[in-house]
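# Secondary and tertiary structure notes
This is what each chain is made of:
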Amino acid sequence: MRLMALRLIHLWLAFFRNSLSRNMEYKMNFILDLFIDAIFYGSYFFFFSVIFSYVDSLGDFSKDAVIIFLIITYLTDSVFVFFFGSNTFQVNRMVVKGDLDLLLLKPVNSLFFISFRYVATYSIISTILLSGLLLRLTYIYPAPIGFINYLVFFISFSMGILILYSLEFLVSCLVFWYKNFSVGGWLCSELTKYSRRPDSIYSGTLQKLLFSFFPMAMISSLPARMLIFGPDYYMLLAQLFITTLALLLTIFVWNQGLIRYDSASS
Amino acid sequence: MIKKYTAVLKINWIHALEYRANALVGVVAILSGLFIEYQIWNLIFLSQGVESIKGFSFQELMIFIFLSIMVGQLKSSWHTSGEMIEGIRTGDINKYLIRPISYFNYHFMMFIGVNSLYYTVYSLLLLVTIIVFPGLLFPSIINIIGFILALSISVFLSYSIYYIMICCAFWFGEVRAIIVAYNLSMIILSGQYIPIRLFPDNVLDIIKLTPLLYLVDFPVSIATGRMPIEDWGFNFIVSIGWCIIMWFIGSLVYNRGIRNYEAYGS
């Protein structure tokens, strides 16, 4: 088990080196991707600044808390893109074109390979910038934020990324059933919109749903809560349970998809 | 000549019908987007205890956002612009250069054709809304006519703006990042999720100097009866003026670009 983990880490490092050298060949794309990120962040910031011109707080989240939440949302997006962003939506193209055949022949776990093959190296820059900004904002936040908050936040944040990965990958896997599911990206961006708003705007059954069956609030909102309002170990345990379940479901769906895959176009 | 372009429209209409899942995702996107906005504005109206915000009652605001999301989707282009950029990059554009066909008109028909399925589905959705919420949309027949005209202008204007950006590919090769950044910023700035008139005054003053006002806000304001009929004439003249300006700039950029074009990919 330990050996396998080490092997996969080495393999990922090789993917990283390869992706970095590929990306450095197209330096302009590197800059343009950062430009897109900046526009995306700016748009969301503007959206909430308009909202806050009409209201002082969104439930538990004050304006300062929402800004921290936004930075966490951007950071989630940035880290997700770094590890998985260039891979999840390759699934549709690979299945449609039959390129998956080549991948399946490789002596490596196919799910690992397809999930981690390309690393969006440009995201390192946005991740560093956003992390710095988050540290600064939490430092000047009116209420004290202790070390334990950061620790629990980090665990919750990592699980949030895995939940996001599972959702995006599961949607991508629909191609096995629909033969071509090019709208997967669009569908995912609509579904993940729920994670880009603080959970305090939702109420009742919907809020419960977002913390359980459709765990969008566990992607950014819960980590933000852990950081700002302190650890909630019950919710952390629930997040661990959901994350495990989501990952198991991803493996199951991927295997079921492979059974259905008939390599039609290759 | 018209026959030539209606044939393009027909082909793309048939092609769009093959991917009915797109329309389904489109409907999910509208309803889901509206649902999230409903949650936010519901919280704002309740917490502030107000009956209206800048002249919008809660129900009016929801209808306005609903229609804005719909118009926003009809005027946006991911598919056609992607294909046009790819064409310039790979040399596929050559086939338009040797045929008696206008590059602008051909892709404009393609732009409408690709979105044609959405027009049908959204019209049905609109019809249901009119029946369920009588009086909130289209106060009179003239508003329906005005809306259709303003929507046509919005679609043409939007395409003309895309066309200018796409033609930059003659110099820069890959301008996809500009299109993505434009699409992302337009979601907020054109007023798809928050009506433009709720923006801060200084931002609104700048937007009034740009064609952005005529992409979403103008058709939706006519449909909801929010714009007095005596203001229509002036706004129609200005929006048509913007269409001519954008079309002219597009033609200029295209003509310059085509001289620069060396058909590398062909």
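Residues numbered from 1 in each chain as written. Chains lettered and ligands numbered in written order. Predicted model: local features only at pLDDT ≥ 70, side-chain atom pairs only at ≥ 80, totals over all residues.

### Concerning the overall build of chain B
Broken down by element type, chain B carries twelve helices and two strands. Counted from the first residue to the last, chain B has its helices and strands arranged as α-α-β-β-α-α-α-α-α-α-α-α-α-α. Relative to the globule expectation of 18 Å for 266 residues, the C-alpha radius of gyration of chain B, 20 Å, shows essentially globular dimensions. Viewed in the frame of its principal axes, chain B has a C-alpha envelope of about 65 × 40 × 35 Å. Considering chain B as a whole, with its 266 residues, one finds that 38% of them fall into the buried category. Considering only residue pairs separated by 6 or more positions, chain B has 84% of its internal contacts joining residues 24 or more positions apart. (Helix = DSSP H or I, 4+ residues; strand = E, 2+ residues; numbered from the N terminus. Rg over C-alpha atoms; globule rule 2.2 N^0.38 Å. Buried ≥ 20, exposed ≤ 12 C-beta atoms within 10 Å, placed from the backbone. Contact = placed C-beta atoms within 7 Å.)

### Comments concerning the interface of chain B and chain A
Residue-level contacts link 28 residues of chain B with 28 residues of chain A. Sorting the residues of the side of chain B that touches chain A by element identifies α2 (20-48) and α9 (176-189) of chain B as the ones contributing at least two each. Examining the composition of the side of chain B that touches chain A, we find that 14 residues originate from one element, α2 of chain B, more than from any other. Per-class residue counts for the side of chain B that touches chain A are 20 nonpolar, seven polar and one charged. (Nonpolar A, V, L, I, M, F, W, Y, C, P; charged D, E, K, R; others polar.)

### As for unusual backbone geometry
Residues and elements named next belong to chain B. One non-glycine residue, lysine 54, lies in positive phi territory at about 45°. Locating lysine 54 in the fold gives a position in the loop between β1 (52-53) and β2 (56-57). Even without being glycine, phenylalanine 138 reaches a positive phi, approximately 50°. Its place among the elements puts phenylalanine 138 in the loop between α6 (103-132) and α7 (141-167). A residue is classified by how many C-beta atoms lie within 10 Å of it, and phenylalanine 138, with 20 of them, is buried.

### A few points about the nonpolar core
If you look at the biggest cluster of nonpolar residues, it comprises 136 residues, and the most contacted ones within it are Ile68, Phe69 and Ile163 of chain A together with Leu67, Met70, Leu157 and Ile166 of chain B. Among the elements that line this core, the one with the most residues is helix α3 (residues 63-85) of chain A, at 14 residues. (Core = buried A, V, L, I, M, F, W, Y, C linked by C-beta atoms within 7 Å.)

### Regarding helix α7 (residues 123-140) of chain A
Residues and elements named next belong to chain A. If you check α7, its first and last C-alpha atoms are 26 Å apart, about what 18 residues at 1.5 Å a residue would give, namely 26 Å. For α7, the full list of buried residues reads Ser123, Ser126 and Leu130. Summarising the axial view, the buried residues of α7 lie within an arc of 60°, below the 170-degree limit, and thus occupy one face. Opposite the buried face of α7, at more than 90 degrees from it, the exposed residues are Ile128, Gly132, Leu135, Arg136, Tyr139 and Ile140. Turning to α7, the residues buried within the fold contact α2 (27-51) and α3. (Expected span 1.5 Å × (residues − 1). Arc of directions from axis to C-beta.)

### Some details on the environment of leucine 117 of chain B
Residues and elements named next belong to chain B. Within the element layout of this structure, leucine 117 appears in helix α6. Sequence separation between leucine 117 and isoleucine 65 is 52 residues; the distance between their C-alpha atoms is 21 Å. Aside from chain neighbours lying at most four places away, what touches leucine 117 is Ala16, Leu17, Asn22 and Ala23.

### Here's the deal with helix α13 (residues 233-260) of chain A
Side chains of residues three or four places apart in an α-helix project in the same direction, reflecting 3.6 residues per turn. Residue and element names in this part refer to chain A. With 28 residues, α13 extends 40 Å from end C-alpha to end C-alpha; this agrees with the ideal 40 Å at 1.5 Å per step. Within the sequence span of α13, burial applies to Gln239, Ile242, Thr243, Ala246 and Thr250. Contact partners of the buried residues in α13: α8 (147-172) and α12 (221-229).

### Comments concerning the confidence of the model for chain B
Residue and element names in this part refer to chain B. Of all residues in chain B, 97% attain a pLDDT of 70 or more, and the chain-wide mean is 87. Looking across chain B, the model is least confident in helix α1 (residues 2-18), with a mean pLDDT of 76, and most confident in helix α11 (residues 217-223), with 95. For this predicted complex, the interface confidence reaches an ipTM of 0.84, while the overall pTM sits at 0.88. (pLDDT = per-residue confidence, 0-100.)

### A word on the packing of helix α10 (residues 184-191) of chain A against α2 of chain B
With their axes 10 Å apart at the nearest point, α10 of chain A and α2 of chain B run at an angle of 15° to one another. As summarised for this structure, α10 of chain A and α2 of chain B are arranged roughly parallel, according to the angle between their axes. With respect to the hand of their crossing, α10 of chain A and α2 of chain B are arranged in left-handed fashion. On α2 of chain B, the residues that touch Trp186, Leu187 and Glu190 of chain A of α10 of chain A are Val25, Val28, Ala29, Ser32 and Gly33 of chain B. A class-by-class count of the residues in the contact of α10 of chain A with α2 of chain B yields five nonpolar, two polar and one charged. (Axes fitted to C-alpha atoms, helices over the stretch in contact; angles between N-to-C directions. Parallel < 35°, antiparallel > 145°, perpendicular 65-115°, else oblique. Left-handed = near helix turned anticlockwise from the far one by under 90°.)

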